[in-house]
Amino acid sequence: MSKSDTACCNHCNKEVHYHYDPINHWWHLLLSICSLGLWLPIWACVTFGPSKICDECGNPIWSDQPVKAIKR
Ligand SMILES: [Zn+2]
């Protein structure tokens with residue numbers, strides 16, 4: 001079973017394949033130590049909310065929901 005990993009890219013204006021940015025935990029650990037723990041929330045955000053990267057243009061894809069699903 002293969003799921004097609006596509007998302008709508010704002011830069012390409014079309015459905016594109018995406019991948020996740022690999023997280024360098026050693027780098028984040030170093031930043032956390034250097035910033036006396038101030039970097040920890042950002043590290044957590046990156047870890048639990050990995051950003052999708054467009055395969056076509058390499059830009060992060062932010063919009064997860066289709067625009068038409070927004071209700072008032
Ligand atoms: Zn793109």
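Look up a bit, the structure's there.
Below or above, wherever it landed, is the structure these notes cover.

What counts, and at which threshold
Residues numbered from 1 in each chain as written. Predicted model: local features only at pLDDT ≥ 70, side-chain atom pairs only at ≥ 80, totals over all residues. Helix = DSSP H or I, 4+ residues; strand = E, 2+ residues; numbered from the N terminus. Contact = placed C-beta atoms within 7 Å. Pairing = 2+ DSSP bridges. Buried ≥ 20, exposed ≤ 12 C-beta atoms within 10 Å, placed from the backbone.

Quick notes on the overall build of the chain
Stage number 1. Looking only at helices and strands, one finds 2 helices and 4 strands in the chain.
Stage number 2. Walking the chain from its N terminus toward its C terminus, one meets helices and strands in the order β-β-α-α-β-β.
Stage number 3. In the chain, 59% of the contacts between residues at least 6 apart in sequence involve partners at least 24 apart.

With respect to the pairing of strand 2 (residues 14–20)
Stage number 1. Note: strand 1 (residues 6–9) against strand 2, 4 bridges, orientation antiparallel. The residue bridging Thr6 from the neighbouring strand is His17, located in strand 2.
Stage number 2. If you look at the hairpin formed by strand 1 and strand 2, you'll find 4 residues sitting between the two strands, and Asn13 has a positive phi there, around 60°.
Stage number 3. Relative to strand 3 (residues 52–54), strand 2 runs antiparallel, the two sharing 3 bridges. When the sheet's bridge partners are listed, Tyr18 is paired in strand 3 with Cys54.

Concerning unusual backbone geometry
One can expect most non-glycine residues to show negative phi and most peptide bonds to be in trans.
Stage number 1. Look at Asn13: it is not a glycine, yet its phi comes out positive at around 60°.
Stage number 2. Relative to the assigned elements, Asn13 resides in the loop between strand 1 and strand 2.
Stage number 3. Of note in this structure, Leu36 is not a glycine but carries a positive phi near 55°.
Stage number 4. Within the secondary structure, Leu36 is located in the loop between helix 1 (25–34) and helix 2 (40–48).

Side note on the sheet that holds strand 1
Stage number 1. With respect to topology, 4 strands assemble into an open sheet ordered 1-2-3-4, the strand pairing being antiparallel. The sheet is open, and its two edges are formed by strand 1 and strand 4 (60–61), each paired on a single side.

Remarks on helix 1
Stage number 1. By the criterion of burial, helix 1 is predominantly exposed, with just 0 of the 10 residues buried.
Stage number 2. After helix 1 finishes, the residue Leu36 shows a positive phi value of roughly 55°.

Quick notes on the environment of Trp27
Stage number 1. Position of Trp27 relative to the elements: it lies in helix 1.
Stage number 2. The class of Trp27 is exposed, set by 10 C-beta atoms lying within 10 Å.

Considerations on the environment of His17
Stage number 1. Position of His17 among the secondary structure elements: in strand 2.
Stage number 2. Linking His17 and Thr6, residues 11 residues apart in sequence, is a C-alpha distance of 4.4 Å.
Stage number 3. Each residue touching His17, except ones within four places of it in the same chain, is listed here: Asp5, Thr6 and Asp55.

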